[in-house]
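Residue-level listing of the chains:
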Amino acid sequence: MQGPIALFTDFGAGSIYVGQMHMAAANALSDVRVIDLYHDPAVFDVPCSAVLLAALLDQTPEGTVLVGVIDPGVGSERAGLAIMLEGRWLVGPDNGLFSAALARSGGVPDYYRIQTGKEPRSQTFHGRDIFVPIAAGLVAGRQGGLIWLKDPSTTVTAGIAADLSPDLARVVHIDRYGNIITGLRGEHFSQSRSFTVGLHRLAYAEYFAAVREGTCFWTVNSMGLVEFAVNQGSAAEFLGLTVGDPFRP
Amino acid sequence: MQGPIALFTDFGAGSIYVGQMHMAAANALSDVRVIDLYHDPAVFDVPCSAVLLAALLDQTPEGTVLVGVIDPGVGSERAGLAIMLEGRWLVGPDNGLFSAALARSGGVPDYYRIQTGKEPRSQTFHGRDIFVPIAAGLVAGRQGGLIWLKDPSTTVTAGIAADLSPDLARVVHIDRYGNIITGLRGEHFSQSRSFTVGLHRLAYAEYFAAVREGTCFWTVNSMGLVEFAVNQGSAAEFLGLTVGDPFRP
Amino acid sequence: MQGPIALFTDFGAGSIYVGQMHMAAANALSDVRVIDLYHDPAVFDVPCSAVLLAALLDQTPEGTVLVGVIDPGVGSERAGLAIMLEGRWLVGPDNGLFSAALARSGGVPDYYRIQTGKEPRSQTFHGRDIFVPIAAGLVAGRQGGLIWLKDPSTTVTAGIAADLSPDLARVVHIDRYGNIITGLRGEHFSQSRSFTVGLHRLAYAEYFAAVREGTCFWTVNSMGLVEFAVNQGSAAEFLGLTVGDPFRP
């Protein structure tokens, strides 16, 4: 058996829905390991969440089965996909949540459509009832319920991935310290450049202590993304940005 | 070994008490699986929490040992019970927290009283020091410390369960999206009926997209409970209800 | 294999950093058990966090590898330590976070310095990239990357531990019920004494129900620490104290 199953949802850490996802995994495969990757991205914001998911996916071991659910209206997803990408499975709705991971990857993905029965829609909690059982099956080496797609270009996910700029000039996350995590990959930006946000011009610094207290700077963070930060302060307050806000790249 | 141990408390997800419960389980049985089912029901509200617990219990695999602690004053519980109900154990205080699960079940429960020593009361954290070790023992197949009750009708739990209306016309949970989860079981209500809350009359709809944006409706949710919801909105705001509020069934 | 790995950080329960710590552990050792001990101590407050960590460490099984990270500026730690103390490993920065555990222990610790390469500082998330892999190695019985310190007195940790008053007359935690947990060990205070906080004089009581509703008292809590509490109320509101506040011991 491989694994783990990694959960990435907008259900909220500790919410009643997350507990049910864990229980569904235990139901399907009693000894599968389940890791809460993240449950509090911007609610219903698929593009920003997709960038976070892509950055976190880079850190997973081979064999990981990532279940991703950003769910504007529980139970309303049209279709489910399972995508094999560089030794990891992505399982979730066909709404673009996996598009950034696909656009940023050099690998060749395999797409599978998830077949489902005709449950009453309101009573179906797709993450719990469909995606987690499929994921548990994949951990156990079973691909039941999956149909390989010869032409994945018809999926929403592949369509978005094809059009996607590989870097997203938006705030994708603000951490508890007020650091601003963007959708730009650090490797694509020269340390000699600066970012302009409102009236502020941010120069590059390698780490916090390299700038004066209270100075706002940009750096490449531990997820490989461009981050705006203030030494001993909150960049979110300093710059007046919130999650989802665009800025000039 | 079976399991898992499932934790249902009002300690708050991520609180210092939850960490200690997990550590106590690792102490008692190093490889037992522990799942955080839910830690944020309405604090000290036993009847509403009991309904949530019952709905979640339905989703657990056989062999689950559910430790439930709603604790108006840590360390003050009078007695502890372990109840075997349809292949699952319920372990916790004798205060009615398990009564809804018992009232809604068709199974015949076996009640056991938990024997405890004479610890100093203030220093005893019952969930950590008594219920989790008992639960770990049950996972390992040991019933040490349990005395079978020939006549469980003397317990608070059985007394409440006997009197309990099987459906509770109160708000038992509001999720992060503002959906209102009630204590009514969906299977008991005809889709042709409506609910009246304040000045609002809510008709049934099978799912969100079946009604106009902004419309408040009732449905049967993924836990089998009657839920009030608004398409693209918050039913809690729309109806002005909070957790614990009663309404006309 | 032993373990578990226990995580104690100020990253915030459910934060994106905690998910990455779990994933790093799965990466390093696929079947290692990881327990979230606590992630929400007062941010950046090393002395108060150190007391909580010491109290929680007492509850861990032998073989536990505790990774502790309180991190005023991610990536800025100067050095890392691994300390073997009474059958448990402590792994984290050399900043005093482990000093209370050392000062309160009767055991003789062994100190090891963690050797690290020359990573770019901003992109290094020490907890994820250094401490968790070291911890996973220790669980597996490997001490690679550790250099035993013949004279640990040169470390910040040992220096603070040597000077540390074994009891800290500050509020180290306030729980969701408003109970105030202090850094004083209960065994060192006679039940006949009282504490004076502002205009209030708090007498000892063994448990909540032993005093009148609304009465503020002190007790010894389930972590062995002096706690200020109000029967059916919030001691934090009653006394007007917040985390970190000092009081007269």
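Residues numbered from 1 in each chain as written. Chains lettered and ligands numbered in written order. Predicted model: local features only at pLDDT ≥ 70, side-chain atom pairs only at ≥ 80, totals over all residues. Heavy atoms only, no water.

An unreviewed UniProt entry lists chain A under the name SAM-dependent chlorinase/fluorinase, with marine metagenome as the source organism. Among the UniProt annotations of chain A, the heading Sequence similarities (unreviewed entry) holds the following wording: "Belongs to the SAM hydrolase / SAM-dependent halogenase family." (UniProt positions renumbered as here; feature names shortened; annotations may be inferred.)

A few words now on the packing of helix 1 (residues 16–28) of chain A against helix 4 (residues 126–139) of chain A. Residue and element names in this part refer to chain A. As a packed pair, helix 1 and helix 4 sit with axes 9 Å apart at the nearest point and diverge in direction by 45°. Put simply, helix 1 runs oblique to helix 4. Viewed along their axes, helix 1 and helix 4 form a crossing whose handedness is right-handed. Across the interface between the two elements, Gln20, Met21, Ala24, Ala25 and Ala28 from helix 1 touch Gly127, Arg128, Val132, Pro133 and Ala136 from helix 4. When its residues are assigned to classes, the contact of helix 1 with helix 4 shows seven nonpolar, two polar and one charged. (Axes fitted to C-alpha atoms, helices over the stretch in contact; angles between N-to-C directions. Helix = DSSP H or I, 4+ residues; strand = E, 2+ residues; numbered from the N terminus. Parallel < 35°, antiparallel > 145°, perpendicular 65-115°, else oblique. Left-handed = near helix turned anticlockwise from the far one by under 90°. Contact = heavy atoms within 4.5 Å. Nonpolar A, V, L, I, M, F, W, Y, C, P; charged D, E, K, R; others polar.)

Contacts between chain C and chain A engage 29 residues on the former and 28 residues on the latter. Summing the contributions of chain C and of chain A, the shared interface buries around 2300 Å²; its carbon and sulfur component is 57%. At the surface where chain C touches chain A, the tally comes to one salt bridge. Salt-bridge contacts for Arg176(A) lead to Asp40(C); the nearest nitrogen and oxygen are separated by 3.2 Å. Summed over the shared surface of chain C and chain A, the result is 10 residue pairs in polar contact (both at pLDDT 80 or more). The residue inventory of the side of chain C that touches chain A, partitioned by class, reads 13 nonpolar, 11 polar and five charged. (Buried area = accessible area lost by both parts, 1.4 Å probe. Salt bridge = Lys/Arg side-chain N within 4 Å of Asp/Glu carboxyl O. Polar contact = N/O pair within 3.5 Å; in protein donor to acceptor, adjacent residues only side chain to side chain.)

For these two chain copies, the linking operation is a rotation about an axis paired with a shift along it. The transform that puts chain B on chain A rotates by 120° and translates by 0.0 Å along the axis, for an RMSD of 0.0 Å. Here the two chains are linked by the operation of a three-fold rotation axis. When the interface residues of chain B are mapped onto chain A, a mere 4% of them are again interface residues, pointing to distinct binding faces. (Least-squares fit on C-alpha atoms with pLDDT ≥ 70 in both.)

What follows is about helix 4 of chain A. Residue and element names in this part refer to chain A. In a regular helix each residue adds 1.5 Å, so 14 residues correspond to 20 Å; helix 4 covers 18 Å between its end C-alpha atoms and thus fits that length. Valine 132 marks where helix 4 bends most, by close to 30°; the proline proline 133 follows one to four residues later. Restricting attention to buried positions, one finds in helix 4 the residues His126, Gly127, Arg128, Ile130, Phe131, Val132, Ile134, Ala135, Ala136, Gly137, Leu138 and Val139. Following helix 4 by one or two positions, glycine 141 adopts a phi angle in the positive range, close to 85°. (Expected span 1.5 Å × (residues − 1). Bend = angle between axes of the 7 residues up to and from the residue. Buried < 20%, exposed > 50% of the residue type's maximum accessible area, 1.4 Å probe, protein only.)

Right, let's talk about the domain arrangement of chain A for a bit. Often, the extent of an interface is quoted as the loss of accessible area on bringing the components together. Residues and elements named next belong to chain A. The domain boundaries assigned to chain A delineate domain 1 (5–163) and domain 2 (168–239). Using only C-alpha atoms to locate each centre, domain 1 and domain 2 end up separated by 30 Å. Tallying the contact residues gives 10 residues for domain 1 and 10 residues for domain 2. Between domain 1 and domain 2 the total buried area reaches about 890 Å² when both faces are included, carbon and sulfur atoms providing 63% of it. For domain 1, the biggest contributors to the area lost against domain 2 are Cys48, Leu52 and Arg104; these three give 51% of the whole. Counting across the interface, domain 1 meets domain 2 through one salt bridge. (Domains from an automatic or database assignment.)

Here we come to the relation of the copies chain C and chain A. With an RMSD of 0.0 Å, chain C superimposes on chain A once it is rotated by 120° and translated 0.0 Å along the axis. An overlap of only 3% is found between the interface residues of chain C and their copies at the interface of chain A, pointing to separate contact surfaces.

Taken together, the contacts link 28 residues of chain B with 30 residues of chain A. Both faces considered, chain B and chain A share a buried interface measuring about 2300 Å² in area, 57% of it formed by carbon and sulfur atoms. Three residues, Arg33(B), Arg176(B) and Tyr177(B), lead the burial of chain B against chain A; their summed loss comes to 28% of the area buried on that side. At the boundary of chain B with chain A, the tally comes to one salt bridge. Counting across the interface, chain B meets chain A through 10 residue pairs in polar contact (both at pLDDT 80 or more). Elements represented by at least two residues in the side of chain B that touches chain A include exactly strand 2 (34–38), helix 2 (46–57) and strand 12 (216–220) of chain B. With four residues, strand 2 of chain B is the largest single contributor of residues to the side of chain B that touches chain A.

Now for the sheet that holds strand 12 (residues 216–220) of chain A. Sheet strands pair via backbone hydrogen bonds, and the direction of the pair is either parallel or antiparallel. Residues and elements named next belong to chain A. Read across the sheet, four strands follow the order 8-9-13-12 without closing on themselves; strand pairing throughout is antiparallel. Every other strand in the sheet has two partners, leaving strand 8 (168–174) and strand 12 as the edge strands with one partner each. Each strand of the sheet is rotated relative to its neighbour by a mean of 30°, with strand direction disregarded. Here helix 2 (residues 46–57) sits on the sheet in contact with strand 8, strand 9 (180–185) and strand 13 (225–230), set at roughly 75° to strand 8. (Pairing = 2+ DSSP bridges.)

For the rest of this paragraph, the subject is the side chain of Asp175(C). All names here are of chain C. Looking at where aspartate 175 falls in the secondary structure, it is placed in the loop between strand 8 (168–174) and strand 9 (180–185). Here aspartate 175 sits buried without a salt bridge, and the closest side chain of opposite charge, arginine 176, lies 7.7 Å off (N-O distance). Within polar-contact distance, the side chain of aspartate 175 engages the backbone nitrogen of tyrosine 177 at 2.9 Å. (Lys, Arg positive; Asp, Glu negative; His and termini not counted.)

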